[in-house]
Amino acid sequence: MTLASLIAAWLPDARWFAAKGEPLAAVTVHDEAVLPGTDLALALVDVRSAAAVASRYVVPIDHTTGQDAAATAECAGWLVRAVLGAESRPGRHGGFIGHAVPGGTFTVAGRPAVTPLGGDASNTSLHVDFGGRAFAVKLLRRCRSGIQPEVEVGRFFAADAPFASTPPLRGWLEYATTDGAEPTAIATVHDFAPGCTSGWDRLVALVANGGITGPHRDAILGLVASLGRTTAQMHRALGSRSDIPAFAPVAATPADRRAAAAGMAAHARHVFALAADRLAAMPPATAARLAAAVANRDAIIARLEAIADLETSALAIRVHGDYHLGQVLVAGDDEEVFVIDFEGEPGRTLEERRAKTSVFKDVAGMCRSFDYLLRHVARTTGAAYRADDLRQLEECYLDAYRSIAAGQPWWPADPHTADRLLSIYKLDKAVYELAYELQNRPDWVEVPLAAIPLPR
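All figures in this text were calculated on a predicted structure; none of them were measured in a lab.

This part covers helix α11 (residues 387-405). One turn of the α-helix equals 3.6 residues, which is why residues spaced by three or four share an orientation. The terminal C-alpha atoms of α11, which comprises 19 residues, lie 26 Å apart, in line with the 27 Å expected from a rise of 1.5 Å per residue. Among all positions in α11, only Asp389, Leu390, Gln392, Leu393, Glu394, Cys396, Tyr397, Leu398, Ala400, Tyr401, Ile404 and Ala405 are buried. Next to the buried residues of α11 lie α5 (217-238), α10 (360-381) and α12 (415-440). Glycine 407, located one to two residues past α11, shows a positive phi value of around 90 degrees.

Next up, the structure:
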């Protein structure tokens, strides 16, 4: 069998493969670079679906078995050494080039211990430990040429706007072609934050043991408040450099608001079309609720389009873009919070992820994550889902966020405007979640559906 056919045999089942459920028409290896002293190669694999949709993935491959080799010591170790040492490896049509952040070039030696890190759906994250010097390596599976926000924001925090609540970026690996096309970010290397758990795991453990009003109420609300303050501090850093064009805050014009409304509406129409196609595969109760949402899509979309009429002096800034409880780490008992994964929503283009927007995109994302948290606990423990619990978590988070955000140029001065923006962005996020669940976790479709209110 060819290398491409070996990869095609397991690719549709890979967690990070985006086109799940779609028949594959062709899988080809665009380029590969053999890693020195191994039977491994870093391959760029082109995939075309039966619907003629094309995409490219990075696949570290073991030539002897045809299996993914990302978590092997040889591959992960080479990735770290190539990045920290600014090394390169040629392929047939281009090359893989390591870049260290300024002043960060150094060497590591030996065979590392490698542990996969959970919680990553669209990429592969690894804990790579060289005998005490540990790194978090993220392999950016879906290849898109252009400026990768994960790299851009990491460099910004490293050199231009220090933000202590994120593990420092040490460098990245990119693929550059010989024809002058924009390079593609392949992997990032950050310092590893030891002794941390994800915000999701920490809160699930606390909430599952007695709920919001149970014995861990103070710890739950303390962590949620810390999340709120850290989010605002992140936004303050992201909006702090008006002299750097890619990060300079900008005033949102009426044309910008109309464009935002049009973008939300177009995305929602696409999602409702997808929902209509998937109705037959849903359980009866879910199908009925989904059909009602599809039937009322125009009224739902009109709620999103209302953003065009909201006048506010709040500036648009760079944001995290895919903000939820899985994107934060919690350290120790003092609930210190670290934000990770500035890649943005994988389903968006790089241009969309890098666009300046309202901070409510992140704030709404975290609020929606609280809803997922409570519904997950209800499913796994049998406890009742209570809307009042969600209200308490959101209020605690927002109160802490506003304690820092109030008066900042990117936060609305009018509380009514802030409430309306939060409502619109929460709805937009729920529509995005609906698309994700329809394509990846059909048994979770009811969660975002419940957050998409039907007209009365």
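One open sheet accounts for three strands, arranged β11-β14-β15; its pairing is antiparallel. The open sheet is flanked by β11 (196-198) and β15 (336-339), the only strands paired with a single partner. In this sheet, neighbouring strand axes are inclined to one another by 35 degrees on average, regardless of whether the strands run parallel or antiparallel. Examined bridge by bridge, β11 and strand β14 (residues 328-331) share three bridges and lie antiparallel to one another. Residue pairing for β14: serine 198 is matched across the bridge by leucine 329.

What follows deals with the side chain of lysine 138. Within the secondary structure, lysine 138 is located in strand β8 (residues 133-139). Among the residues examined, lysine 138 registers a relative accessible area of 4% and is labelled buried. Separated by 3.0 Å, the side chains of lysine 138 and aspartate 341 make a polar contact.

Moving on, we get to the sheet that holds strand β1 (residues 24-34). On the basis of which strands lie adjacent, the open sheet formed by three strands has the order β1-β2-β3 and antiparallel pairing. Looking along the sheet, the strands with just one partner apiece sit at the ends: β1 and β3 (54-62). Averaged over all neighbouring strand pairs, the angle between strand axes comes to 25 degrees, with direction disregarded. As defined by bridge partners, β1 adjoins strand β2 (residues 40-49) across nine bridges and the pair is classed as antiparallel. Bridging from a neighbouring strand, alanine 26 pairs with arginine 48 of β2.

Here we take up the nonpolar core. Core analysis: the biggest nonpolar cluster contains 85 residues, and Leu203, Leu227, Phe370, Leu393 and Tyr397 have the highest contact counts within it. Excluding residues that lie within four positions of it along the chain, tyrosine 397 makes contacts with Val224, Leu227, Gly228, Thr231, Tyr323, Val363, Met366, Cys367 and Phe370. In terms of nonpolar packing, the next biggest core, distinct from the first, is built from 32 residues, Cys75, Val108, Cys143 and Leu173 among them.

A positive phi angle, near 50 degrees, is found at alanine 86, a position not held by glycine. As for its position among the elements, alanine 86 is in the loop between α2 (73-84) and β4 (88-90). According to the relative accessible area criterion, alanine 86 is partly exposed, its value standing at 44%. The phi dihedral of aspartate 341 falls on the positive side, at around 60 degrees, and the residue is not glycine. Take aspartate 341: it is sitting in the loop between β15 and α9 (350-354). Residue aspartate 341 is classed as buried on the basis of its relative accessible area, which comes to 16%.

By the definition in use, this model includes 14 aromatic pairs. Consider the rings of phenylalanine 360 and tryptophan 411, whose centres lie 4.8 Å apart with planes at 25 degrees: the pair is stacked. Within this pair, whereas phenylalanine 360 is found in helix α10, its partner tryptophan 411 is found in the loop between α11 and α12, the two being separated by 51 residues in sequence. Between arginine 379 and the ring centre of tryptophan 444, over which it is positioned, the NZ or CZ distance is 4.2 Å.

With that out of the way, let us pick up the packing of helix α4 (residues 199-208) against α5. At a closest axis distance of 10 Å, the pairing of α4 and α5 adopts a crossing angle of 155 degrees. Judged on the interaxial angle alone, α5 and α4 are roughly antiparallel. Along this stretch, α4 crosses α5, giving a crossing that reads as left-handed. Between α4 and α5, the contacting residues are Arg202, Leu203, Leu206 and Val207 on the first element and Ala219, Ile220, Leu223, Val224 and Leu227 on the second.

What follows is about the pattern of salt bridges. Per the stated rule, a full pass over the model turns up 29 salt bridges. Where aspartate 371 meets arginine 368, a salt bridge forms, and the shortest distance between an N and an O atom there is 2.7 Å. Highlighted residues: aspartate 371 and arginine 368, both in helix α10, separated by three residues, approximately one helical turn. Since its relative accessible area comes to 3%, aspartate 371 is described here as buried. Each of Asp322, Glu345, Arg348, Lys361, Asp428 and Lys429 takes part in one network of salt bridges that share partners.

On to the state of the cysteines, then. Within this structure, the stated rule accounts for zero disulfides. Summary of cysteine pairing: cysteine 75 is not part of a disulfide, and the nearest cysteine sulfur, belonging to cysteine 143, is at 13 Å. Look at cysteine 75 and you get buried, because its relative accessible area is 1%. Cysteine cysteine 396 is unpaired, with the sulfur of cysteine 367 as its nearest cysteine sulfur at 11 Å.

Inspection of the secondary structure puts threonine 188 in strand β10 (residues 184-191). Residue threonine 188 is classed as buried on the basis of its relative accessible area, which comes to 0%. Leaving out residues up to four positions away in the same chain, threonine 188 has contacts with Ala136, Val137, Lys138, Leu140, Glu150, Val151, Leu169, Gly171 and Trp172.

Further remarks concern the environment of alanine 405. Looking at where alanine 405 falls in the secondary structure, it is placed in helix α11. Taking the relative accessible area as the measure of exposure, alanine 405 reaches 0% and is therefore buried. Considering only alpha carbons, one finds alanine 405 and alanine 232, 173 residues apart in sequence, at a separation of 5.7 Å. Excluding residues within four positions of it along the chain, alanine 405 makes contact with Ala232, Trp410 and Trp411.

Rules behind the numbers
Residues numbered from 1 in each chain as written. Predicted model: local features only at pLDDT ≥ 70, side-chain atom pairs only at ≥ 80, totals over all residues. Heavy atoms only, no water. Helix = DSSP H or I, 4+ residues; strand = E, 2+ residues; numbered from the N terminus. Expected span 1.5 Å × (residues − 1). Buried < 20%, exposed > 50% of the residue type's maximum accessible area, 1.4 Å probe, protein only. Contact = heavy atoms within 4.5 Å. Pairing = 2+ DSSP bridges. Axes fitted to C-alpha atoms, helices over the stretch in contact; angles between N-to-C directions. Polar contact = N/O pair within 3.5 Å; in protein donor to acceptor, adjacent residues only side chain to side chain. Core = buried A, V, L, I, M, F, W, Y, C linked by side-chain atoms within 4.5 Å. Phe/Tyr/Trp six-rings, centres within 6.5 Å; stacked < 30°, edge-to-face > 60°. Lys NZ or Arg CZ within 6 Å of the ring centre and 35° of its normal. Parallel < 35°, antiparallel > 145°, perpendicular 65-115°, else oblique. Left-handed = near helix turned anticlockwise from the far one by under 90°. Salt bridge = Lys/Arg side-chain N within 4 Å of Asp/Glu carboxyl O. Disulfide = S-S within 2.5 Å.

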